[in-house]
Amino acid sequence: MISFLVFQVVYQSSDSAPVVKSGNKIVMDQSMTRETDPQPPANEWLDIMGNGLLMKKVLQPGGGRESWPHLGQTVKINLKTHLLDGTLVEELSEFWFTLGHREVIPALDAAVRVMGIGENAVIKTDGRYANGFRGNLYPEIPSKADLSLEVQLLEATDAPDLKLLSPTEKIDLAICKKEQGNVLYRCRAYNYAVLKYSTAMEITESISIDDLSSEEVNELMEMKVKCLNNMAVSMLKLEVYDAVLTCCSTVLMYQPKNVKALFHMGKVLALQDKYSEAIQTLRKALELEPCNKTVHDELSTMMKKHREHEAAKQAMDEKMLENPSSTHKHQAKSAWGLSWKWLLGATAVAIGGIALSVVIYARK
């Protein structure tokens, strides 16, 4: 996963003034406000990006500019998210994220950087700075909806240096990141959940098995499996099916009898119309857990869809055989047009393949 610690410009758009890093502080660009300028008094709006699309109003002052968190620090907040009509979307207590790692929506990441410790503020954001946020189970956030965020900044701490952490501390940190991902998943922020799980996986990959006891090795493997399974179900929600299969295949390398991985793999195979493989995969999962109602119901539904799919295919074949002459006439009539369509399509595929090869070669 790409690290965003080196970012100095925060979510800058063509018509906005950026937030920039100055020394070890986050300050507003001078075109917006000078570092010596005071914060607007309580109940007055601060235009964070300078374009009227991301506004902050202090409800309760905090520690002031000297306590603003830095890029790369981990911050702890209380958060309430509303639609602009007042509908409560979600409420999170003591939620942790790392500034600049794109673990939350751009509006929240940018706004917290200009808050003091202990400050309570309301943030109004245009939908473009809420991009990627999926909302809670009920009500769902409409696409590109404007939001109102009530944020209280509780704490800001330096991110731990992995090189200085013991294997046990790394495992604990990975567990923390996984739990944060679970919170985001429950809020339907699936893409942000994937980032948390990816971070947890990166931490586990930094641990040498040679430094662990047999018990710690088992704990590490369980952590990896849980993260991969959670990433798989998040990717399934995002309809990134190849990524789901990759995650599930990796889990099954560690644990060939992992029912969750078999279940998710079976669902994706069915979505790709690979019913025979999907049914075989789910049957294996059901053999491992015969009383698993979720797997049983999914297998039953899948077998029914498979029968319907085969019946429709057979009906189409029979229909084609009933009137072959009309079919041949139609084919003859459209042969020239089809040949051109095929030629154009094949050319497009060839060009696309060449372009992809060039990109892959360049990346190597």
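Residues numbered from 1 in each chain as written. Predicted model: local features only at pLDDT ≥ 70, side-chain atom pairs only at ≥ 80, totals over all residues. Heavy atoms only, no water.

A. Geometry of the overall build of the protein chain. Per the secondary structure count, the protein chain includes nine helices and eight strands. Residues counted as buried form 41% of the 364 residues belonging to the protein chain. The long-range fraction of contacts in the protein chain, counting pairs at least 24 apart against all pairs at least 6 apart in sequence, stands at 66%. For the protein chain, the exposed area adds up to about 20,500 Å²; of that, 55% sits on carbon and sulfur atoms. (Helix = DSSP H or I, 4+ residues; strand = E, 2+ residues; numbered from the N terminus. Buried < 20%, exposed > 50% of the residue type's maximum accessible area, 1.4 Å probe, protein only. Contact = heavy atoms within 4.5 Å. Areas by Shrake-Rupley, 256 points an atom, 1.4 Å probe, with all protein chains shown as cover.)

B. View of the pattern of salt bridges. Taken as a whole and assessed by the stated rule, the structure comprises seven salt bridges. Ionic pairing is found between E119 and K56, a salt bridge with its closest N-O pair at 2.8 Å. With E119 in the loop between α1 (106-112) and β7 (120-125) and K56 in strand β4 (residues 54-60), this pair connects stretches of sequence that are 63 residues apart. Residue E119 shares its accessibility class with K56, and that shared class is buried. Between D109 and R113 there is a salt bridge, with the nearest N and O atoms lying 2.3 Å from each other. We classify D109 as buried; its relative accessible area is 0%. Since its relative accessible area comes to 3%, R113 is described here as buried. (Salt bridge = Lys/Arg side-chain N within 4 Å of Asp/Glu carboxyl O.)

C. Structural detail: the packing of helix α4 (residues 214-237) against helix α6 (residues 259-271). Axis separation between α4 and α6 bottoms out at 10 Å; the angle between their running directions is 25°. It follows from the interaxial angle that α4 and α6 lie roughly parallel. Crossing handedness for the pair α4 and α6: left-handed. Contact residues: N229, A232, V233 and L236 in α4; K260, A261, H264, K267, V268 and L271 in α6. The residue inventory of the contact of α4 with α6, partitioned by class, reads six nonpolar, two polar and two charged. (Axes fitted to C-alpha atoms, helices over the stretch in contact; angles between N-to-C directions. Parallel < 35°, antiparallel > 145°, perpendicular 65-115°, else oblique. Left-handed = near helix turned anticlockwise from the far one by under 90°. Nonpolar A, V, L, I, M, F, W, Y, C, P; charged D, E, K, R; others polar.)

D. Examining the UniProt feature "repeat: TPR" (unreviewed entry) in the protein chain more closely. Using the residue numbers shown here, the UniProt feature "repeat: TPR" (unreviewed entry) corresponds to residues 259-292. With 79% helix and 0% strand, the stretch residues 259-292 has end C-alpha atoms that lie 9 Å from each other. (UniProt positions renumbered as here; feature names shortened; annotations may be inferred.)

E. The sheet that holds β7, seen in detail. Pairing in this open sheet of six strands is antiparallel, and the strands run β3-β4-β7-β8-β5-β6 from one edge to the other. Edge strands, defined here as strands with exactly one partner in the open sheet, are β3 (45-47) and β6 (88-98). Across the sheet, the axes of successive neighbouring strands diverge by a mean angle of 25°, strand direction being ignored. (Pairing = 2+ DSSP bridges.)

F. How the structure looks around the layout of surface pockets. There is about 260 Å³ of room inside the second largest pocket. Every element with two or more residues in the lining of the second largest pocket is listed here: α4, α6 and α8 (293-322). No other element matches α4, which puts six residues into the lining of the second largest pocket. Across the lining of the second largest pocket, the residue classes tally to five nonpolar, six polar and four charged. (1 Å grid on protein atoms, 1.4 Å probe; cavity = no way out; pocket = protein on both sides within 12 Å on 5 of 7 lines; lining within 4 Å. Points joined across faces, edges and corners; volume = space filled by probe spheres on them.)

G. Structural context of the pairing of β7. Burial runs high along β7: five of the six residues are buried. In this sheet, β7 lies alongside β4 in antiparallel orientation, the contact comprising six bridges. Considered in β7, the bridge of V58 is made with A121.

H. Structural detail: the packing of α4 against helix α5 (residues 241-254). As a packed pair, α4 and α5 sit with axes 8 Å apart at the nearest point and diverge in direction by 160°. Between α4 and α5, the angle is such that the two are roughly antiparallel. As for how α4 packs across α5, the hand of that crossing is left-handed. Residue-level contacts link M221, K224, V225, L228, N229, M231, A232, M235 and L236 of α4 to Y241, A243, V244, C247, C248, T250, V251 and Y254 of α5. Along the lines of polarity and charge, the residues of the contact of α4 with α5 split into 14 nonpolar, two polar and one charged.

I. Region of interest: the packing of aromatic side chains. On inspection of all chains with the given rule, the structure shows two aromatic pairs. Judged by centre distance (5.2 Å) and plane angle (55°), the ring pair of Y185 and Y190 falls under tilted. (Phe/Tyr/Trp six-rings, centres within 6.5 Å; stacked < 30°, edge-to-face > 60°.)

J. Looking closely at the nonpolar core. Counting residues in hydrophobic clusters, the biggest one holds 76 residues, and the most contacted among them are I77, F97, L108, V112 and V151. With near-sequence residues (within four places) excluded, V112 lies in contact with P69, V75, I77, F97, L99, V151 and L153. Counting five residues, the second largest nonpolar core, distinct from the first, contains I171, I207, L212 and V217. (Core = buried A, V, L, I, M, F, W, Y, C linked by side-chain atoms within 4.5 Å.)

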